[in-house]
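Chain and residue survey
Chain by chain, the residues:
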Amino acid sequence: QVQLVESGGGLVQAGGSLRLSCEASGRTFSSYGMGWFRQAPGKEREFVAAISWSGGVTDYGDSVKGRFTISRDNAKNTVYLQMNGLKPEDTAVYYCAGGLSPGLRVRVWDYGYWGQGTQVTVSS
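Quick summary incoming for the structure in this document.

Calculation criteria
- Residues numbered from 1 in each chain as written.
- Predicted model: local features only at pLDDT ≥ 70, side-chain atom pairs only at ≥ 80, totals over all residues.
- Heavy atoms only, no water.
- Pairing = 2+ DSSP bridges.
- Helix = DSSP H or I, 4+ residues; strand = E, 2+ residues; numbered from the N terminus.
- Salt bridge = Lys/Arg side-chain N within 4 Å of Asp/Glu carboxyl O.
- Buried < 20%, exposed > 50% of the residue type's maximum accessible area, 1.4 Å probe, protein only.
- Disulfide = S-S within 2.5 Å.
- Phe/Tyr/Trp six-rings, centres within 6.5 Å; stacked < 30°, edge-to-face > 60°.
- Lys NZ or Arg CZ within 6 Å of the ring centre and 35° of its normal.
- Core = buried A, V, L, I, M, F, W, Y, C linked by side-chain atoms within 4.5 Å.
- Contact = heavy atoms within 4.5 Å.

Relative to strand β3 (residues 18–25), strand β1 (residues 3–7) is paired through five bridges, and the arrangement is antiparallel. Bridge pairing in β3 places Val-5 opposite Glu-23. By the bridge criterion, six bridges tie β3 to strand β8 (residues 78–83) in an arrangement that is antiparallel. Bridge pairing in β8 links Cys-22 to Val-79.

Listed below in structure tokens is the structure:
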């Protein structure tokens, strides 16, 4: 059974930083792309970042480019999201997603596994 467990969310002031972690279990983590999405109240789930199986290819949503960095450590079965320069509009529940192929994917329906989410709140 595949499990994704996020951690690292919390409350931070605007301009601050947080690092989210997602630990995976239940399958060969290093064979699949991974992603981060977020969902604010009343809004659709939004693409944040994605990374290929090796970590060699990454992509970001327009609203976070230049501020967020996705990375992975296949030895630890963990994917990270470093968030710098946080803004109040970054406030959302952040979800880790497990892909169904080795490549990089940016759409919700390309992912087959989801974590429970971690709340990130940015105060102004």
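Attention now goes to the pattern of salt bridges. Scanning all chains against the criterion turns up five salt bridges. Measuring nitrogen to oxygen at the nearest pair gives 3.0 Å for the salt bridge that ties Asp-110 to Arg-107. Judged by its relative accessible area of 16%, Asp-110 falls in the buried class. A cluster of three or more residues bridged by salt bridges with shared partners is formed by Arg-38, Glu-46, Arg-67 and Asp-90.

Here the focus is unusual backbone geometry. Of note in the backbone geometry, Asn-77 takes a positive phi value of approximately 55° without being a glycine. Mapped onto the secondary structure, Asn-77 falls in the loop between β7 (68–73) and β8.

Scanning all chains against the criterion turns up one disulfide. The disulfide bridge from Cys-22 ends at Cys-96, spanning 2.1 Å between sulfur atoms. Looking down the S-S bond of the Cys-22 and Cys-96 bridge, the torsion is -75°, so its handedness is left-handed. Linking Cys-22 in strand β3 with Cys-96 in strand β9 (residues 92–99), this pair joins segments that are 74 residues apart in sequence. Of the two residues, Cys-22 and Cys-96, neither departs from the other in class, the shared state being buried.

Applying the stated criterion across every chain, the model contains four aromatic pairs. When the centroid spacing of 5.3 Å and the interplanar angle of 75° are considered together, the rings of Phe-37 and Tyr-111 count as edge-to-face. Taken together, the residues Phe-37 in strand β4 (residues 34–39) and Tyr-111 in strand β10 (residues 111–114) connect sequence positions 74 residues apart. Here Phe-37 falls in the buried class, since its relative accessible area comes to 1%. Look at Tyr-111 and you get buried, because its relative accessible area is 6%. Among the aromatic residues, ring-to-ring pairing joins Phe-37, Phe-47, Tyr-111 and Trp-114 into one connected group. Sitting above the plane of the Tyr-95 ring, Arg-45 keeps its charged end 3.8 Å from the centroid. In this structure, Arg-45 is placed above the aromatic ring of Trp-114, and the distance from its NZ or CZ to the ring centre is 4.9 Å.

Moving on to the nonpolar core. In this structure, Trp-36, Val-79, Leu-81, Met-83 and Tyr-94 are the most contacted members of the largest nonpolar core, which totals 26 residues. If one sorts the elements of this core by residue count, β3 sits on top with four residues. Excluding anything up to four places from it in sequence, Tyr-94 contacts Glu-6, Leu-20, Phe-37, Arg-38, Val-48, Phe-68, Leu-81, Met-83, Gly-117, Thr-118 and Val-120. One finds Phe-37, Phe-47, Ala-50 and Ala-97 within the second-largest nonpolar core, a separate group that totals five residues.

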